[in-house]
Each structure stands twice: as structure tokens, then as C-alpha cells.
Amino acid sequence: MPESVPAVAEELKKDDVSPLEKSIIVDLGGTTMDCGIITGGELDVSEVYGNPSIGTRSVAIAIIKAMGIADSDINEYEANAILSSEDKRKEISAIINNRSMIDNVMTEINNAIENYPKRVISQIEQLQKVNRIYLAGGGAELIDNYVTAHFRNKKVRKLDDAQLALVKTLVYV
């Protein structure tokens, strides 16, 4: 079962979800995309789905490869720091060895970031038809705008502090 299912419990109540509505909780972690489909306003999970190839790690690996081509070996921690940075160019400029490759590295990073939501959206579309989409996990920040724009006829919400939503729920309980 996706870890984020309990995190959405309060959101279902706040949103006054009808017993007939179906919601999908999309939990985007570092290594996987986990989904749970819920019917109604309770945590009645009717289906679960996981894809181990869709996680923010795929974007981090693209950053590592792009930096490697620019003679700048970095690790996943550094790649994730670049990924979560507001000013990726500044972060890259500070650690890149072949400065002539900055634009190429930025292009590769932007391509990876743009492809990530497309993969997530494709997976959501393959699942049951739903009325609501809740986004959780560290990857929610990367895809929120894309998913909201793509599914404009559905109710899409990124959980507040999506990466820590489950932890906060467990502490509250």
C-alpha cells in the first residue's frame, strides 16, 4: 500500500469528498511512483499501483550523467541538491569543471525535468478514471503545475509540504 494513503485522510475530510468520488493518491518518491485509488471520503483503497522506474532519482541520474560529460563527477546527494535548488545554473556553475558545457548541462537537466511529469501523467492516465488527484512525496513539487494543467477538468491538489505529509500525519495521530 502506498505510504502516503494515511497522509490524505484529513484532506479527504477537508475536501468533503462524496462517497461516489474516486481519488488517486500519487506518491512520488526518490525511487518509485506509488498510487492508491480510494473510493469516497474514507481510506477505502480499491487499487494500488507502483512503478519502480518513475522516481525523482531518474532526474538525479540525468543530472549526474550531464555533469559527467562536462568532466564533473558528482554523486546523488549533489544531484538532488541541484534538483531542489531555485537557481540550478548557479549551483552548476559553482561545481562544473568544463564551464563551456554549462548550457548543455542546463539543457539536459531541463529536458529531464520536463520528461518526468510526462511519464507520471502517462501512468495516471493508464489507471482507473478518477475525479480527484492528490500529489504527495518529494517529487510532487516537480510535477504539480504539469499535472494540474494536464488534468484541468479534475480536482488536483498537492498536499501541503508534500514530502513530509505522511510524517506530519503520523505525528498528529
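Residues numbered from 1 in each chain as written. Predicted model: local features only at pLDDT ≥ 70, side-chain atom pairs only at ≥ 80, totals over all residues. Heavy atoms only, no water.

## So, the overall build of the protein
Turning to step 1, where the next piece is worked out: Along its length, the protein carries seven helices and five strands.
Turning to step 2, where the next piece is worked out: What you see in the protein, going N to C, is helices and strands ordered as α-β-β-β-α-α-α-α-β-α-β-α.
Turning to step 3, where the next piece is worked out: Seen through its principal axes, the protein has C-alpha atoms that stretch 55 × 35 × 25 Å.
Turning to step 4, where the next piece is worked out: With 173 residues in all, the protein has 43% of them scored as buried.
Turning to step 5, where the next piece is worked out: Here the analysis covers contacts within the protein between residues at least 6 apart in sequence; of these, 58% occur between residues at least 24 apart.
Turning to step 6, where the next piece is worked out: As displayed, the protein has an accessible area near 9,400 Å², and 49% of this comes from carbon and sulfur atoms.
Turning to step 7, where the next piece is worked out: For the protein, the distance from the average site of its 19 positive side-chain charges to the average site of its 26 negative ones is 4 Å. (Helix = DSSP H or I, 4+ residues; strand = E, 2+ residues; numbered from the N terminus. Buried < 20%, exposed > 50% of the residue type's maximum accessible area, 1.4 Å probe, protein only. Contact = heavy atoms within 4.5 Å. Areas by Shrake-Rupley, 256 points an atom, 1.4 Å probe, with all protein chains shown as cover. Lys, Arg positive; Asp, Glu negative; His and termini not counted. Charge placed at Lys NZ, Arg CZ, Asp CG, Glu CD.)

## Considering the sheet that holds strand E4 (residues 132-136)
Turning to step 1, where the next piece is worked out: Strands sit in the order E3-E2-E1-E4-E5 across an open sheet of five strands; the sheet is mixed. Where the open sheet ends on each side, the last strands, each with one partner, are strand E3 (45-51) and strand E5 (155-158). Looking at each pair of strands side by side, their axes are set apart by 15° on average, direction ignored.
Turning to step 2, where the next piece is worked out: In the sheet, strand E2 (residues 33-39) pairs with E3 via six bridges, with the strands oriented antiparallel. Of the residues in E3, the one forming a bridge with Met33 is Asn51.
Turning to step 3, where the next piece is worked out: In this fold helix H6 (residues 140-150) packs onto strand E1 (22-28), E4 and E5, with an angle of close to 160° to the strand it touches most, E4. (Pairing = 2+ DSSP bridges. Axes fitted to C-alpha atoms, helices over the stretch in contact; angles between N-to-C directions.)

## Focus: the nonpolar core
Turning to step 1, where the next piece is worked out: Core analysis: the largest hydrophobic core is formed by 40 residues, its most contacted members being Val26, Ile63, Val120 and Ile133.
Turning to step 2, where the next piece is worked out: Where this core is concerned, the elements lending two or more residues are E1, E2, helix H2 (56-69), helix H3 (76-84), helix H5 (102-126), E4 and H6.
Turning to step 3, where the next piece is worked out: Here Ile63 is in contact with Ile74, Ala79, Ile82, Leu83 and Ile109, once residues within four sequence places are set aside. (Core = buried A, V, L, I, M, F, W, Y, C linked by side-chain atoms within 4.5 Å.)

## Looking at the environment of Val5
Turning to step 1, where the next piece is worked out: With respect to the helices, strands and loops of the structure, Val5 is situated in the segment before helix H1 (9-14).
Turning to step 2, where the next piece is worked out: For Val5, a relative accessible area of 3% puts it in the buried group.
Turning to step 3, where the next piece is worked out: Not counting chain neighbours up to four residues away, the residues in contact with Val5 comprise Ile38, Leu43 and Val45.

## Focus: the pairing of E5
Turning to step 1, where the next piece is worked out: Pairing between E4 and E5: four bridges, direction parallel. Opposite Ile133, over in E5, you have Val156 as the bridge partner.
Turning to step 2, where the next piece is worked out: Handedness of the β-α-β unit built from E4, H6 and E5 comes out right-handed. (Right-handed = clockwise from strand over helix to strand, strands pointing away.)

## Overview of unusual backbone geometry
Turning to step 1, where the next piece is worked out: A positive phi angle, close to 50°, is found at Asp16, a residue other than glycine.
Turning to step 2, where the next piece is worked out: Along the polypeptide, Asp16 turns up in the loop between H1 and E1.
Turning to step 3, where the next piece is worked out: One non-glycine residue, Asp71, lies in the positive phi region at around 55°.
Turning to step 4, where the next piece is worked out: You can call Asp71 exposed: its relative accessible area is 52%.

## Some points on H5
Turning to step 1, where the next piece is worked out: Compared with the 36 Å implied by 1.5 Å per residue over 25 residues, the 37 Å span of H5 between its first and last C-alpha is a close match.
Turning to step 2, where the next piece is worked out: Regarding H5, the residues found buried are Ile102, Val105, Met106, Ile109, Ala112, Ile113, Tyr116, Pro117, Val120, Ile121, Gln123 and Ile124. (Expected span 1.5 Å × (residues − 1).)

## A look at the confidence of the model for the protein
Keep in mind that low pLDDT regions are not for reading the predicted coordinates in detail.
Turning to step 1, where the next piece is worked out: Averaged over all residues, the pLDDT of the protein equals 87, while 91% of them reach at least 70.
Turning to step 2, where the next piece is worked out: Helix H4 (residues 88-95) holds the highest mean pLDDT among the elements of the protein, 96, whereas helix H7 (residues 165-172) holds the lowest, 49. (pLDDT = per-residue confidence, 0-100.)

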